[in-house]
Amino acid sequence: MSVALFSGETKEKLNSQLLILKHGQKRVMVKRQRSYNHMLDSACKYFPSIPRDVVRLRTNQLDICDGFYADITAEIWDDVIDLLHVVEVTRGEEMTLPVSLPLDAHAIPSPDNQLAPRCIHKHHSSRNDDKVAIKVLFPSGEIQTARISRESRVDKLVTDASQILGYSTPVRAVQLKGGMGGVIMRENRSIGSYNVRNGDSINILQDPLSSPRGKKPVIYIYSPSDIDVSVKLSLIPEWTLSAIYPIVTTEDHGQRLEWNVRTHQDGSLTEHNSGLDVSYLFWEAETNLQVFPRSPASKPQPVDTFNPISSNLDDTDSIVIPVDKATAYLDESLKVLGLHTEARTSFISYWLPYILKYEYIALRFVPQSAYERAASLSIYPQPDIVTRIFMLFRGVSKEHLANWTNAQIQAEKMAGDVALFRVLEWGGMEIFI
C-alpha cells in the first residue's frame, strides 16, 4: 500500500486555493474566490435556503473580531480573504426585538440562593446607552445579531428571537460570554438587570422538559391463528421509555422491555402477565438530553440514519405542505406504506392537533432500517412481514417558506395478505429546530 504525502509547498498552495463555508451544522469546501460576488454565488449554490439578497459572509477568526462574528463587506473582502480558513454564511436581516417594558428593580425578584447581578438603574443610563448589541446563538448553530433595549425582559427576547427564526419549542436563555459568564437568565427579569454589555452572547437552548419524544409508537400484531408471541423492544441510550401499555417490567434503565401476548384472529391481543385484552402494544420514549446534549457543532445526520437527539429536517430531505392539505397527503402516503384504514385514521387523528398549530409542516418518514437501529424490535415467532413507520415533522411559518423551495417541489411530485403473520407499527416525533 502506498501513501501519497503532500509537500509543505503543496499544502500551502491548496490552503491558498480552498476555503470552508459553514452554515449551521453544514460545512462545504469550496474554491477561494477573489471576487466577493463570486463568493456569494458559491454560498448560494451550497446553501440554497438563504436568498441571494440576504446572504452575508462573517468571520470571528481575526484578532480585531475579539472572538465575535463580524460581517465581511465587499470593500474589505480582498484584504481579508487570504487570512481566513472558514467563513460563516448567514442571513443578513437583523433581528428587531422592539418591545420595551418599564424596568422596575423592586418588581424583579432575584434567583433563589443566588446573589443578584449588578442592576442598571435609570439614573445610570442615558438615551444613548439604552440599547445593547448582542449575539443570539441558536441550537442549530445559527447566529444572529440584535440590538435590544436593556429594559426588555428575558422572556420577550427569547420569544421574539425564536419566532423570527421559526423555532416553536419552549426555550431558555443562557448568557455565554461577558457579563455574568454562564449564568441561567431568569425569564421574569430584564436584560439590563444582568449587566449585559455590547458584544455579549446569549445562547438560546431548548427547554429539557420539552425535549422531543417518540410519541405513540403502537404495535399491531395480526396472525391467521391464535398463537403466543414474544415482543422485545430495545432502545439506543439516547432514548428512555417514558410510557408503556400494557405495563411490564423494563430493564437497562428503561431501555428494554418484553411483552408476552396471545394473538387472536380478530387482531386483538391478550397480555399474559396482566390478562388485559388490547388492540395494540403502546410505548413512548423521551430523549436523554442531559446525558447526550445536542451539539450545534455536530455533523448533520444523513437521511439513512436516525438518532432522536440529533434528528433534524431541512430543505434537502423533507417535503413541505400547507396544513389544510396535510391529512389528504398523509392518508395517501400511509396507504402506500402499508397502513390499513384503522391505522391510518388513528395515526392522522393522533397527530392532527400537533399539526394544526402551524401554517405549513415539513415532514419525512424515517427509513425502516434506520429506525430499527434506534428502536430494535425482536419478535418470536418471526413474522412474515414487519412494517414500521416513524414520521418526523416540524412547523414552518409562511415567512420562512423561501427556505424550503426544494421541499415544496418534492411535495408536488409526490394492502395485505390475511394469510400472513404480520406486524405493523406507527409513531412519530415533532422536531423543534
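Summarised in this report is the structure supplied together with it. Remember, predicted model here, so these are calculated numbers, not experimental data. Along each chain, numbering runs from 1 in the same order as the chain's sequence is written. Thresholds applied to this predicted model are a pLDDT of at least 70 for local features of residues and 80 or more for the giving and counting of side-chain atom pairs; totals over whole chains, interfaces and linings are not thresholded and use all residues. Excluding hydrogens and water, the side-chain values take into account all heavy atoms of the structure.

Counting secondary structure elements, the protein chain contains eight helices and 24 strands. The classification of residues rests on relative accessible area computed with a 1.4 Å probe and restricted to protein chains. Under 20% of the type maximum is buried, over 50% is exposed, and intermediate values are partly exposed. In the protein chain, which comprises 433 residues, the share counted as buried stands at 48%. Accessible surface area values rest on a Shrake-Rupley calculation with a 1.4 Å probe, where residue burial reflects the displayed protein chains alone. Just so you have it, the protein chain exposes about 22,100 Å², and 52% of that area is on carbon and sulfur atoms. Secondary structure elements are taken from DSSP: a helix is a run of H or I of four residues or more, a strand is a run of E of two residues or more, and numbering for both begins at the N terminus.

With 15 residues, helix H6 (residues 341–355) should cover 21 Å at 1.5 Å per step; its first-to-last C-alpha distance of 20 Å lies within 8% of that length. Within the span of H6, buried status applies to Ala343, Arg344, Ser346, Phe347, Ile348, Trp351 and Ile355. To estimate the expected span of a helix, count its residues, drop one, and scale the result by 1.5 Å.

This part is about the pairing of strand S23 (residues 385–396). In terms of burial, S23 is largely enclosed, as 10 of its 12 residues are buried. Bridge count for strand S21 (residues 360–365) against S23 is six bridges, and the pairing is antiparallel. Pairing of Phe365 across the sheet is with Met391, part of S23. Two strands are said to pair when DSSP picks up at least two bridges between them. Sheet topology note: the S23/strand S24 (residues 422–430) ladder contains nine bridges and is parallel. Among the inter-strand pairings, Met391 is bridged to a residue of S24, identified as Gly428.

This next bit is on the packing of aromatic side chains. We call Phe, Tyr and Trp rings a pair once their centres come within 6.5 Å, taking the six-membered ring for Trp, and we label the pair stacked below 30 degrees between planes, edge-to-face above 60, and tilted otherwise. Applying the stated criterion to the full structure yields 15 aromatic pairs. Measuring from ring centre to ring centre gives 5.5 Å for Phe306 and Phe390, while their planes differ by 55°; the resulting arrangement is tilted. Here Phe306 is found in the loop between strand S19 (281–287) and strand S20 (319–322), whereas its partner Phe390 is found in strand S23, with 84 residues between them in sequence. Of the two residues examined, Phe306 and Phe390, each falls in the buried class. Aromatic side chains Tyr371 and Phe390 sit 4.8 Å apart centroid to centroid with 20° between the ring planes, which places their arrangement in the stacked category. Pair noted here: Tyr371 is in helix H7 (residues 368–374) and Phe390 is in strand S23, with a separation of 19 residues, a long-range link. Grouped by ring-pair contacts, the aromatic residues Phe347, Tyr350, Trp351, Tyr354, Phe393 and Trp426 constitute a single cluster.

Relative to the assigned elements, Ser318 resides in the loop between S19 and S20. Overall, Ser318 belongs to the buried group, its relative accessible area being 4%. Along the backbone, Ser318 and Trp404 are 86 residues apart, and their C-alpha atoms lie at a distance of 8.7 Å. Here the side chain of Ser318 touches Asp317 through a polar contact of 2.6 Å, side chain to side chain. Identification of polar contacts relies on pairs of N or O atoms within 3.5 Å, with a donor-acceptor requirement for protein atoms, meaning one able to donate a hydrogen and the other able to accept it, and with residues adjacent in sequence counted only if both atoms are side-chain atoms.

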